[in-house]
Amino acid sequence: MAATDCTLLDILDTNWKRRFRTRLLAWYVKHQRDLPWRRSSDPYRVWVSEVMLQQTQVATVKPYFQRFVKAFPSVRKLASADEQQVLRLWEGLGYYRRARGLHAAAKQIVAEHGGKFPRDIATLQTLPGIGRYTSGAIASIAFDERVPILEANTTRLFARLINYREDPTRADGQRVLWHTAEDVLPRKKIARFNQALMELGSLVCTPTSPRCGKCPVASLCAAREAGSQESIPLAERKTKYTDVSEAAVVVRKKGQVLLRQCAEGERWAGLWDFPRFGIDSEGPLIVRDELIAKVHHQTGIQIDPGGLLKTIRHGVTRYRITLDCYQADYTGGRLRSTKARPLRWLPPPALGELPLSTTGRAIAKIVLNTRHRPTALLCRF
Ligand code: SF4
C-alpha cells in the first residue's frame with residue numbers, strides 16, 4: 001500500500017479507484033443527510049448553500065439558508081433586492097463579504113447571462129466571490145459536469161487516503177490534492193459522487209478522531225494503514241492573536257440614536273454600526289477626551305460622554321477585541337453624512353430593520369432594554 005513518497009499513480013490505480021467509488025456511493029445511499037439544499041439541483045440553491053457553508057457549520061447554515069431562499073427564491077429576486085435586506089438576512093453568519101458577493105454575482109448573472117446560471121467553470125469563475133471550489137460545486141452538483149471539488153472536508157479526506165504528510169494548504173499540497181480529486185472522478189453521476197465525498201469527510205473522516213472503524217473505504221486508506229490518520233492533515237500554524245481595545249458610543253438626541261454605515265474597506269462594509277473606533281487611552285478622564293475627539297472626527301458632532309453600558313469581548317479574524325460600549329448625549333454640531341459614509345438618527349425600534357454586526361446587534365438590544373438616563377447621573381467620568 002501507499003507510503004508518503006509514492007506517486008499518485010502508485011496509489012490510485014484503476015482497481016483502487018473502482019473499489020473506492022463503489023464503496024463510497026453505496027455508503028452515501030444509506031447515510032446521506034436530508035439537508036434543505038439537497039432537495040433540488042437548482043444551481044441557485046446549490047450556489048447559496050455552498051457560499052453559506054464556507055467557514056460555517058451545517059447546523060448554523062440550515063435556518064439561514066431557508067430564510068434566504070424564502071425571501072429570494074431565484075437569482076432574479078436576489079438581483080433586484082436591496083443590499084440592506086440581503087445583509088439583514090445574513091446577519092449573524094459573519095464574513096459579510098460573502099453576502100455582498102452573492103448579491104453582486106446575481107446582478108451580473110441577470111445582466112450578462114439573462115438570469116441563467118452559466119454551466120462551465122471558466123464562466124462561473126468570472127462571477128464575484130466564485131472561485132475554483134464554488135464553481136466546481138455548482139457545475140458538478142447542479143449540472144453533473146465532470147469537474148472536481150476540494151474544500152475542507154475533501155482536503156482532509158484525500159490527504160488521509162493518500163497519506164499526504166505535507167501542508168495541504170501550500171501550493172504543492174493543493175496541486176497534489178486537486179489532482180487526486182480529479183483522478184478519482186467517475187465518468188458519470190458526478191453530482192452524487194462529489195456530494196458523497198464531502199459527506200464522508202464531514203461525518204466519518206472527521207478533523208479529530210476519524211471514525212475509521214465505520215469507514216467504507218478504510219481498507220483503501222493509506223493513512224489508516226500507516227497509523228497516521230490523526231496527524232493528517234498537518235496541523236495549521238497557530239494563529240497569533242493581537243489584543244485590541246475599541247469603544248462604541250450610543251449617542252442620543254431627542255429619543256433617537258446615531259448610526260453610521262460602514263464604508264467600503266471597513267470591517268463590516270455595508271452594515272450599520274454605532275460610532276466605533278480603536279481606543280489608545282487609559283483612565284476615565286483621558287478616555288472621555290478621546291471619545292469626544294473620535295466621535296467628532298467620525299461624525300462631525302459634539303457629544304457629552306456618559307457611563308459605560310457594557311464591555312463585550314469578541315474575536316474578529318486574528319484580533320481579540322475588548323469593546324467598551326458607552327452612551328453619550330448629543331450636544332451640538334451637524335452630522336457630516338456623505339453618500340460613501342452615511343449617518344442617520346433613528347428611533348431605537350427601527351434598529352431591527354437595519355443589518356448590524358453581531359456586537360452591533362448586542363448593543364442595539366441593550367439600547368432597546370435600557371431606559372436612558374442623563375449622562376450627568378452616570379459616574380464613570
Ligand atoms: S479510514 Fe479513517 S482516515 Fe481513512 S478515510 Fe476512512 S475515516 Fe478517514
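Residues numbered from 1 in each chain as written. Predicted model: local features only at pLDDT ≥ 70, side-chain atom pairs only at ≥ 80, totals over all residues. Heavy atoms only, no water.

## Considerations on the confidence of the model for the chain
How we decide: pLDDT expresses how confident the predictor is about each individual residue, on a scale running from 0 to 100. Secondary structure is summarised from DSSP: a helix means a run of H or I of at least four residues, a strand means a run of E of at least two, and numbering begins at the N terminus for each. Any pair of residues with heavy atoms lying within 4.5 Å of one another is described as a contacting pair.
Scored by pLDDT, the chain has a mean of 91; 93% of the residues are at 70 or more. Across the chain, the secondary-structure element scoring lowest on mean pLDDT is helix H1 (residues 8-11), at 52, and the one scoring highest is helix H5 (residues 75-79), at 98. Ignoring residues within four places in sequence, the model shows residues 374-379, a span with pLDDT below 50, making 11 contacts including any to other chains.

## Re the pattern of salt bridges
We apply this condition: A side-chain nitrogen of Lys or Arg and a carboxyl oxygen of Asp or Glu constitute a salt bridge if their distance falls within 4 Å. The rule is simple: take the accessible area with a 1.4 Å probe, protein chains only, and divide by the maximum for that residue type; under 20% is buried, over 50% is exposed, in between is partly exposed.
The full count for this structure, using the stated rule, is 18 salt bridges. A salt bridge links Glu199 to Arg33, with the shortest nitrogen-to-oxygen separation between them at 2.8 Å. Linking Glu199 in helix H12 (residues 190-203) with Arg33 in the loop between helix H2 (14-31) and helix H3 (43-53), this pair joins segments that are 166 residues apart in sequence. With its nearest N and O atoms 2.5 Å apart, the salt bridge here joins Glu246 to Arg267. You can see Glu246 sitting in strand E1 (residues 242-253) and its partner Arg267 sitting in the loop between strand E2 (256-261) and strand E3 (272-273), a full 21 residues away along the chain. Judged by relative accessible area, which is 8%, Glu246 ranks as buried. For Arg267, a relative accessible area of 39% corresponds to the partly exposed category. A cluster of three or more residues bridged by salt bridges with shared partners is formed by Arg33, Arg38 and Glu199.

## What to know about the packing of aromatic side chains
Short version of the rule: When the centres of two rings from Phe, Tyr and Trp lie within 6.5 Å, Trp using its six-membered ring, the rings pair. Their planes under 30 degrees apart give stacked, over 60 give edge-to-face, and anything left gives tilted.
This structure, assessed with the given rule, holds 8 aromatic pairs. Considering the side-chain rings of Trp37 and Phe65, the 5.4 Å spacing of their centres and the 75° angle between planes classify their relative orientation as edge-to-face. Of the two residues, Trp37 sits in the loop between H2 and H3 while Phe65 sits in helix H4 (residues 58-71), which places them 28 residues apart along the sequence. The exposure classification of Trp37 matches that of Phe65, with both residues buried. Plain terms: the ring middles of Tyr330 and Trp345 are 5.7 Å apart, the flat faces sit at 80° to each other, and that makes the pair edge-to-face. Here Trp345 lies in strand E7 (residues 343-346) and Tyr330 lies in strand E6 (residues 319-332), a separation of 15 residues in the sequence. For Tyr330, a relative accessible area of 26% translates into the label partly exposed. Note on Trp345: relative accessible area 18%, which makes it buried.

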